[in-house]
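Spelled out, the chains give:
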Amino acid sequence: MRALAPPARRRHWLVIVAVCSSLALVTTACSGGGSGGGKNGSGSSGQTGSGVQVSITPTNGSRSAAPDQGITVTATGGKLTSVSATGSGDQITGAMNTAGTVWHSTWTLAVSQSYTVTAKASGPNGSVSKTSSFTTLTPSQTSTTQIYEGAGATYGVGMPIILYFNTPVTNKAAVERALQITTSKPVVGAWYWDDPCNMAKVCAYFRPQSYWPANTQVTFTGHLNGVQVAPGIYGDHTLTQSFTIGSSLIVVASTTSHQMQLYQNGSLIDTWPISTGRPGDNTPNGTYLTIDKGNPVDMKGPGYNIKVPWSVRFTWSGDYLHDAYWSVGEQGFTNVSHGCVNMPPADAEIYYKMEIPGDPVTVTGSPKAGIFDNGWTMWFLPWTKYLQGSGTGDAVEAGPAGSTFVSPSAVPASTATAPLGTADPGNWSAS
C-alpha cells in the first residue's frame, strides 16, 4: 500500500535554531586583511621608542567593518605578547602564527556588533600597547539556518546532519568552514549541498564516509553569524545542537526472494516474509533511511482508502514498511503491494517499536531504480561521488576535540562493508 498524497516533510520536525545576534560567539575561519565600509581601512598602528609597531584591523572608530574579515593584529619590529578581543563582554578566540607576529580571530565577527581589541608587543627597546574599538556592519539582508536534528534526540546510524537555509548560498566553502562537529567517537565525513529543497532554498547534509559508529554523541555548532553566504547576505546567528546516534538497526528487503532481513548491532536477528510492489508499482531499489512513522497512517489510492497500522516511511512519495494483514498469504511468495513493503502484523509491530529516524532500509532486486531526493537518499552516492558535492572539496575529520578539514587523499579507504557498515555503491540502480 502506498500513500498517494503524502504530507510534506514533517512540519512538526524538531528544528532548533539558536539565535545569538548580539553575542560574540562568531563564525568562519578566515584570512587576514582589511575590513570594508565606513572608516575601516588598512588598519591602525601604534609605535613608541620600543622599536615595535602594532597594527589592528579593523581600525579604531570603524563603524561598518566587514564581519567576514575577522580581526587581524600584526607586530612589526617585534613580537606580540598578548591579544584580547571582546564583544558584548564575550572573549573572542584567535590564533597566533608561529613567528608570534600575526594574530587572527578564529571565526567571523557578528553583524551589528561592537568590539574592542587590545594588543601588546615587545621590541628591542621595550613594549607597546594598542587598542581598537569598532562596530561591524548591519547587512541589508540576513540568512537563517535551521537544523533537522532535535535537542537530545536519538537517530539511526545512517542519519545525516541536515541544515536548511532560507536564502541562496553561493559561498558554500565559507559556510562549510563555519560548521564545527564534535563527536564522542572518531568520524570521517563530508558536506554535500543539495538544491532545490522543498523546505528551503538550499540544503546541506553531513554524511559519514561509512555509517556512524553506534552510540555516538554528536554536537554541532554553526558559527554562521557574520558569514557572507551570498553577495550582500550574511548569517546573523550561531546555531548549536546536540543529539545521539543510537544502536544500529538495519533492514534489507529483497523483492525477488520476498524476504526481509533484520540486523541489530551487527547481528542478523530475524528474517521475515514480505511482499513488495507488484509489476507496475515496483518498490524502488536503494539504500534509504527511515523518515517518520504512524500507527496508523491513512493511505489512499486507486480503489483503496485504509488506515494502516505500524507504518514506517522511507520515501517522500509514500513508500512504507507496514503491517499488511490483508496480504499475509502472499507474503514470502509474490509481490502484490502498491509499492510498499508488506509485513506480517507481529513483525511490523516489532520493527515499528524498534525504529528511529535514520535507520537504513535497503531494497534490492527491483526492476525500478530509486530516485535521488525521494527520501533521505544520501547513501545512494558512493563516497567519491558524495565528496563532489562539497563546497570545499575536503573531507571532515571529527572527534572529541572538534572537526578539521583534510584532503580526501589523506583519508584511508573505508573497510566497512554492506549492508551493516555502509551502502553498496550504485544501490539505487535497477537490477
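Presented here is a report on the structure given in the accompanying data block. Values in this document were obtained by computation on a predicted structure and should not be read as measured data.

Some remarks on the environment of Q241
Step number 1: Mapped onto the elements, Q241 comes out in strand β20 (residues 239–245).
Step number 2: On the basis of relative accessibility, which here comes to 7%, the residue Q241 falls in the buried class.
Step number 3: Along the primary structure Q241 and F220 are separated by 21 residues, whereas in three dimensions their C-alpha atoms are 5.2 Å apart.
Step number 4: Looking at Q241, its side chain comes within polar contact range of the main-chain oxygen of E149, at 3.3 Å.

A look at the sheet that holds strand β8 (residues 114–123)
As a general point, the strands of a sheet are linked pairwise by backbone hydrogen bonds and lie either parallel or antiparallel.
Step number 1: If you trace the four strands from one edge of the open sheet to the other, you get β5-β4-β8-β9, paired in antiparallel fashion. Lying at the two open borders of the sheet, with one neighbouring strand each, are β5 (90–91) and β9 (126–135).
Step number 2: Bridging between strand β4 (residues 79–87) and β8 involves eight bridges; their strand directions are antiparallel. The partner of S82 across the bridge, within β8, is K120.

So, unusual backbone geometry
Step number 1: Each neighbour pair has its own omega, and for T57 with P58 the value is 5°, a cis peptide bond.
Step number 2: Following the sequence through the fold, P58 ends up in the loop between β2 (53–57) and β3 (72–76).
Step number 3: The linkage connecting N295 with the following residue, P296, adopts the cis geometry, with an omega of 5°.
Step number 4: Relative to the elements of secondary structure, P296 occurs in the loop between β25 (292–294) and β26 (297–301).
Step number 5: With a phi close to 55°, S112 is a non-glycine residue in the positive phi region.
Step number 6: Tracing the sequence through the fold places S112 in the loop between β7 (102–105) and β8.

Concerning the nonpolar core
Step number 1: Membership of the largest hydrophobic core comes to 57 residues, with the highest contact counts inside it found for I161, L163, V175, W191, F220 and W376.
Step number 2: With residues up to four places along the chain from it excluded, the contact list for I161 reads I147, E149, I181, W191, A204, Y205, F206, W212, V218, F220 and F243.

Examining the sheet that holds strand β10 (residues 141–143)
Step number 1: Taken in spatial order, the three strands line up as β10-β19-β18 in an open sheet, and their pairing is mixed. With one partner strand each, in any of the chains shown, β10 and β18 (228–230) form the two edges of the open sheet. Taken over all neighbouring pairs, the strand axes of this sheet differ in orientation by 45° on average, direction set aside.
Step number 2: Relative to strand β19 (residues 233–235), β18 runs antiparallel, the two sharing two bridges. Considered in β19, the bridge of Q228 is made with Y234.

Criteria and cut-off values
Residues numbered from 1 in each chain as written. Predicted model: local features only at pLDDT ≥ 70, side-chain atom pairs only at ≥ 80, totals over all residues. Heavy atoms only, no water. Helix = DSSP H or I, 4+ residues; strand = E, 2+ residues; numbered from the N terminus. Buried < 20%, exposed > 50% of the residue type's maximum accessible area, 1.4 Å probe, protein only. Polar contact = N/O pair within 3.5 Å; in protein donor to acceptor, adjacent residues only side chain to side chain. Pairing = 2+ DSSP bridges. Core = buried A, V, L, I, M, F, W, Y, C linked by side-chain atoms within 4.5 Å. Contact = heavy atoms within 4.5 Å. Axes fitted to C-alpha atoms, helices over the stretch in contact; angles between N-to-C directions.

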